[in-house]
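If you want the building blocks of each chain, they are given just below.
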Amino acid sequence: MIPYFPQPQLTIGPITIYAYGVLTAAGLIAGYYVATVLARKQRLDPALTGRMYIAGILGGLIGGHLVYLWRAGEASGPQFFTFWRGQAAIGLAIGAFSVALWYRKELRHLDVLALAFPIAWGLARFGCFLAHDHLGPASNSWLAVKFSAGSRLDFGLLECLAAILIAPPLYWLASKRPRPGLLFAVLLTYAAIIRLTLSTL
C-alpha cells in the first residue's frame, strides 16, 4: 500500500508552484518534442505535426472545460474562460477527437502523435497522483493510497501506469510499419477502455 504524502509545492513570494502544474507542463512540452522528432525521423513535416499536437491540446482543454461547466451549471460568466480551473475527462476526449477528425487525412501524423501521447498522458496523470485530485473507491490493493480516512485507489496513479504500459506495445507495433492510422486507432481504443474501466470503479 502506498503511503499518503501531500503534494509538493514551492512558494516564491505571492506565487505558489504546485507539482501538478509543473508535471502537466512538462508532459505537454515533452510530448511536443517527441512528436516533432519522430516526424523528422519519418520524413514527415514536423511543423504540421506540431500544429496538430497543439490543436489537439487546445481542443481537448476547450472541450473538457465546456463539459465541466455544463455539468456544474456554470456555462456563462468569467469562469467560462478559466479553463485551468475545471476539466472533465469526457470533454477532453471529445475535444481532442474532434481535432483528429479535422486532420483525418493526415493518418501518418496522427500515428506520430499516438506515439508521443503516452509521455504527455503519463506525466500529467502522475501530477494528478501527486495532487490526489482524482480519487477512486476504498480499496486494500497494494496500489491504493493510505489516506488518514482510509485507503483508496488514486485514478491519477492508475492512468499514469496505463500510459506507461501502452508505450512499449505502440513502439513495437510502429517498428512493424503498420498501415497508416493503425497506431492512432489502437491508442484511442486503449484509452477508451481505460476510461470506461475506471468509470465503473
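Everything below is about the structure printed above this text.
What counts as what
Residues numbered from 1 in each chain as written. Predicted model: local features only at pLDDT ≥ 70, side-chain atom pairs only at ≥ 80, totals over all residues. Heavy atoms only, no water. Helix = DSSP H or I, 4+ residues; strand = E, 2+ residues; numbered from the N terminus. Rg over C-alpha atoms; globule rule 2.2 N^0.38 Å. Phe/Tyr/Trp six-rings, centres within 6.5 Å; stacked < 30°, edge-to-face > 60°. Buried < 20%, exposed > 50% of the residue type's maximum accessible area, 1.4 Å probe, protein only. Expected span 1.5 Å × (residues − 1). Bend = angle between axes of the 7 residues up to and from the residue. Salt bridge = Lys/Arg side-chain N within 4 Å of Asp/Glu carboxyl O. Contact = heavy atoms within 4.5 Å.

Some details on the overall build of the protein chain
Okay, step 1: Looking only at helices and strands, the protein chain has six helices and six strands in total.
Okay, step 2: In sequence order, the secondary structure elements of the protein chain are arranged as β-β-β-α-α-α-α-β-β-β-α-α.
Okay, step 3: Computed over C-alpha atoms, the radius of gyration of the protein chain comes to 18 Å, within 12% of the 17 Å expected from 2.2 N^0.38 for 201 residues, which places it in the range of a compact globule.
Okay, step 4: The C-alpha extent of the protein chain, read off along each of the three principal axes, is 50 × 45 × 35 Å.

Details of the packing of aromatic side chains
Okay, step 1: Considering all chains together, one arrives at six aromatic pairs under this definition.
Okay, step 2: A ring pair is formed by Y32 and Y53, whose centres lie 5.9 Å apart and whose planes are at 70°; its orientation type is edge-to-face. With Y32 in helix α1 (residues 19-41) and Y53 in helix α2 (residues 46-72), this residue pair connects regions lying 21 residues apart in the sequence.
Okay, step 3: Residue Y53 is classed as buried on the basis of its relative accessible area, which comes to 10%.
Okay, step 4: With a centroid separation of 5.7 Å and 45° between ring planes, the pair formed by F126 and F129 is classed as tilted. Taken together, the residues span about one helical turn, with F126 and F129 both in helix α4 (residues 107-131) at a distance of three residues.

Focus on α4
Okay, step 1: With 25 residues, α4 ought to run about 36 Å at 1.5 Å a step, and its terminal C-alpha atoms sit 35 Å apart, in line with that.
Okay, step 2: At A116, α4 shows its largest kink, close to 35°, and the proline P118 lies no more than four residues downstream.
Okay, step 3: Backbone geometry just downstream of α4 places H132 in the positive-phi region, at approximately 55°.

Focus: the pattern of salt bridges
Pairing between side chains of opposite charge can happen when their charged atoms approach one another.
Okay, step 1: Enumeration over the complete set of coordinates arrives at two salt bridges.
Okay, step 2: For the salt bridge of R125 with E159, the shortest nitrogen-to-oxygen distance reads 3.2 Å. Of this pair, R125 sits in helix α4 while E159 sits in helix α5 (residues 155-175), and the two are 34 residues apart along the sequence.
Okay, step 3: The exposure class assigned to E159 is buried, which follows from its relative accessible area of 3%.
Okay, step 4: Taking the shortest distance from any N to any O, the salt bridge between R195 and E159 comes out at 2.1 Å. Of this pair, R195 sits in helix α6 (residues 182-199) while E159 sits in helix α5, and the two are 36 residues apart along the sequence.

Things to note about the environment of L143
Okay, step 1: Relative to the elements of secondary structure, L143 occurs in the loop between β4 (135-138) and β5 (145-147).
Okay, step 2: Spatially, the C-alpha atom of L143 lies 8.3 Å from that of L157, the residues being 14 residues apart in sequence.
Okay, step 3: Setting aside residues up to four positions removed in sequence, L143 forms contacts with I2, L153, L157, L158 and L161.

Digging into helix α3 (residues 89-102)
Okay, step 1: In a regular helix each residue adds 1.5 Å, so 14 residues correspond to 20 Å; α3 covers 20 Å between its end C-alpha atoms and thus fits that length.
Okay, step 2: Inspection of α3 places G91, G95, V99 and A100 among the buried residues, and these make up the whole buried set.

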